[in-house]
Amino acid sequence: MTLQVQDRVSLKPFNTFGVDVQAQQFAEAHNDADVREALAYCAEQQLPLLVIGGGSNLLLTADIPALVLRMATRGLRLLSDDGQRVVVEAEAGETWHPFVLWTLGQGLSGLENLSLIPGTVGAAPMQNIGAYGVEIKDVFAGLTALDRQTGELREFSVDECDFAYRDSLFKRQAGRWLILRVRFTLQRVAHLHLEYGPVRQRLTEQGIDQPTASDVSRAICSIRSEKLPDPAVLGNAGSFFKNPVIPAALAAEIKLQYPGLVGYPQADGQVKLAAGWLIEQAGWKGFREADAGVHRLQSLVLVNYGEATGLQLLQLAQKIQQDVARRFKVNLEMEPNLY
Ligand code: FAD
Ligand code: NAP
């Protein structure tokens, strides 16, 4: 047995909220054999298994009566190259942002808008990570997952992942699929997405009118660093709520009362609202109760000032949900995975 299983481990260093709960048992997987060993161990001990990556999309509300397995597998490779399109593969435990930088270093574009997102490659398909107008589904080539029910390996194509806005089959079937490695189709000639938010403006300010993919990555890193709290300094899990997509008629009704409403029309005729704007209008920006709070610059981000418990953060989130529902008739859905 190479898997090192430890008893009663604090998960504080393993979740970006910095919530201090304990795992009944804890281990790290460095290869596929470790993963299989963890599954066998849990079956033998009749213990649940919770797989984590960087812990940047978790809200831990109590001690975890399970084996918590942190994915620490490593490996980056080029699988094919036709001179234009290159398929790359990364192991689940690779950290996302260094992986993005590695692809840029290979002269490949496609992931630049997803720069500086915390977490691991293996968790990225869970909620089809997205930022600045790009989601991984746009460049996704496939993944290999282990079916925890049967122990069999399964390859998934983009259609089989059933990706949606911050959602996928893997999130909907939580606990069934253990993602081992993920593949992306990237381009040797960049097709850049600059129209979203302040990206082009930041490049213009920097005097760049013919940007490379690396220029876009650097611009996005600088925007994100200014707007988002660094979890190493202030505990958080990024956006706490998804942006709600609502019927156009309801958006028009809200706009009558709030002419400044921010809304983005969707292809299906609905309208996506900025959840952060709704929370700010409801007066929650900068709110703090004990050590649980709403970030003073970005209302979509709940923060842990030090000793907040997961339950305190959850209760704050629920109060915000109730208030926003009462004021705007809009339901905010939580984005982090709750345990
Ligand atoms: P974890 O939090 O460890 O796990 C998340 C879920 O995935 C859990 O349910 C876990 O059980 C499961 N899981 C983890 N690894 C595997 C695996 N290998 N196989 C099966 N299941 C697995 N998200 C965005 O989409 N866009 C952003 O721009 C963005 N910005 C962020 C900024 C900040 C400051 C923070 C803190 C978070 C941000 N996030 C963003 C959220 C988060 O970074 C992403 O969702 C990320 O993909 C989570 O990766 P992780 O490895 O930390 O996953
Ligand atoms: P922002 O630029 O202030 O914009 C606010 C919201 O409006 C965003 O959430 C975005 O929705 C939406 N939006 C802005 N421009 C848009 C456009 N041209 N078309 C459609 N929708 C538009 O947002 P931010 O908080 O600084 O975040 C910037 C990007 O990083 C966003 O894409 C955001 O999703 C992502 N991000 C995600 C997390 C997370 O934890 N999930 C954390 C930080 C940042 P979308 O969110 O749908 O893109």
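Our subject in this report is the structure included herewith. Position numbers for residues start from 1 in each chain and track the written sequence from start to end. Working convention: letters from A go to chains and numbers from 1 go to ligands, in the order in which they are written. A pLDDT threshold of at least 70 governs which residues receive local features in this predicted model, and a stricter bar of 80 or more applies before side-chain atom pairs are shown or counted, although totals over entire chains, interfaces and linings include all residues. The side-chain values count all of the structure's non-hydrogen atoms but skip hydrogen atoms and water molecules.

## A few points about empty space enclosed by the protein
Using the following cut-off: Of the two site types, the cavity is a set of points on a 1 Å grid over the protein atoms alone where a 1.4 Å probe fits but cannot get out, and the pocket is an open set with protein on both sides within 12 Å along at least five of seven lines, each lined by residues with an atom within 4 Å of a point. Grid points are joined across faces, edges and corners, and a volume is the space filled by probe spheres set on the points. Ten residues, namely Ala, Val, Leu, Ile, Met, Phe, Trp, Tyr, Cys and Pro, are considered nonpolar, four, namely Asp, Glu, Lys and Arg, are considered charged, and the remaining ones, Gly among them, are considered polar.
Within this structure, the stated rule accounts for one cavity of 30 Å³ or more. Taken as a whole, the largest cavity holds about 30 Å³ of empty space. Lining the largest cavity are Leu11, Phe14, Asn15, Leu50, Ile52, Leu58, Leu60 and Val68. Among the residues making up the lining of the largest cavity, the classes are represented as seven nonpolar, one polar and no charged.

## A word on the environment of His30
Formally: What counts as a helix is a DSSP run of H or I of at least four residues, what counts as a strand is a run of E of at least two, and both are numbered from the N terminus. Three exposure classes are used, based on accessible area relative to the maximum for each residue type with a 1.4 Å probe and protein chains only: buried under 20%, partly exposed in between, and exposed over 50%.
With respect to the helices and strands, the residue His30 is situated in the loop between strand E2 (22-29) and helix H1 (32-45). Judged by relative accessible area, His30 falls into the partly exposed class, the value being 47%. For the pair His30 and Arg188, spaced 158 residues apart in the sequence, the C-alpha separation amounts to 31 Å.

## What to know about H1
Condition: To estimate the expected span of a helix, subtract one from its residue number and multiply by 1.5 Å. Taken from the helix axis, the directions to the C-beta atoms give the arc we talk about. In what follows, a contact means two residues having at least one pair of non-hydrogen atoms within 4.5 Å. Polar contacts, as used here, are pairs of N or O atoms within 3.5 Å; protein pairs need one atom able to donate a hydrogen and one able to accept it. Residues neighboring in sequence count only if both atoms are side-chain atoms.
Here H1 is 14 residues long and its end C-alpha atoms lie 20 Å apart, about the 20 Å a rise of 1.5 Å per residue gives. Listed in full, the buried residues belonging to H1 are Asp34, Val35, Ala38, Leu39, Tyr41 and Cys42. Around the axis of H1, the buried residues are gathered within 160 degrees of arc, so they sit on the same side. Away from the buried face of H1 by more than 90 degrees, exposed residues Ala43 and Glu44 are located. Taken together, the buried residues of H1 touch E2, strand E3 (49-52), strand E5 (64-71), strand E10 (140-147) and strand E12 (177-187). Regarding H1, its N-cap is Asn31, as a side-chain oxygen of that residue lies 3.2 Å from the backbone nitrogen of Ala33 further along. Downstream of H1 by a residue or two, Gln46 has a phi angle that is positive, lying close to 55 degrees.

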